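Coordinate analysis (summary)
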Amino acid sequence: MAEARLQVIAGGAVPQASLTMDPWQFRAAGVDAFVASWRARGFSPLTIDNDIGLLERPLAALGRPAWNVTPEDIDRVVGDLAVRGPRTSTPREYVQIFK
């Protein structure tokens, strides 16, 4: 069996620019990658569209990137939903999404 060897490939493998990114752009890129993976795995467009909505609405209600969310933020969003009086399943659905 031939011995495997590593090869050095010249040029551009490591990003030269700063890796900082706007948190909202980063979140959008993550959602886009998630959607692309679902498309590649053959999920129906309707399923993908429904799940994007289920993901985007709670994230928008939080008003901050998901990695900065605190338990108090979740309490605030679920409490606001309860006060507005939507159907009872909505606050429960948001809690499930937050988990």
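Residues numbered from 1 in each chain as written. Predicted model: local features only at pLDDT ≥ 70, side-chain atom pairs only at ≥ 80, totals over all residues. Heavy atoms only, no water.

1. Regarding the pattern of salt bridges
This structure, assessed with the given rule, holds three salt bridges. Between Arg-27 and Glu-56 there is a salt bridge, with its nearest N and O atoms 3.2 Å apart. Note that Arg-27 is positioned in helix H1 (residues 23–40) and Glu-56 in helix H2 (residues 45–62), a separation of 29 residues in sequence. Looking at Arg-27, the relative accessible area reads 17%, which means it is buried. Arg-64 is paired through a salt bridge with Asp-73; the nearest N and O atoms lie 3.2 Å apart. (Salt bridge = Lys/Arg side-chain N within 4 Å of Asp/Glu carboxyl O. Helix = DSSP H or I, 4+ residues; strand = E, 2+ residues; numbered from the N terminus. Buried < 20%, exposed > 50% of the residue type's maximum accessible area, 1.4 Å probe, protein only.)

2. Some points on the packing of aromatic side chains
Two numbers describe a pair of aromatic rings. These are the distance of the centres and the angle of the planes. Per the counting criterion, the structure on display carries three aromatic pairs. Between Phe-34 and Trp-38 the ring centres are 5.0 Å apart and the planes differ by 50°, which places this aromatic pair in the tilted class. Of this pair, Phe-34 and Trp-38 are both found in helix H1, four residues apart, which corresponds to roughly one turn of the helix. Look at Trp-38 and you get buried, because its relative accessible area is 14%. Seen from their ring centres, Trp-38 and Phe-43 are 4.3 Å apart, and the 25° between their planes marks the pair as stacked. Phe-43 sits in the partly exposed class, given a relative accessible area of 34%. (Phe/Tyr/Trp six-rings, centres within 6.5 Å; stacked < 30°, edge-to-face > 60°.)

Honestly, that's just the spatial picture; any functional story needs more than this.
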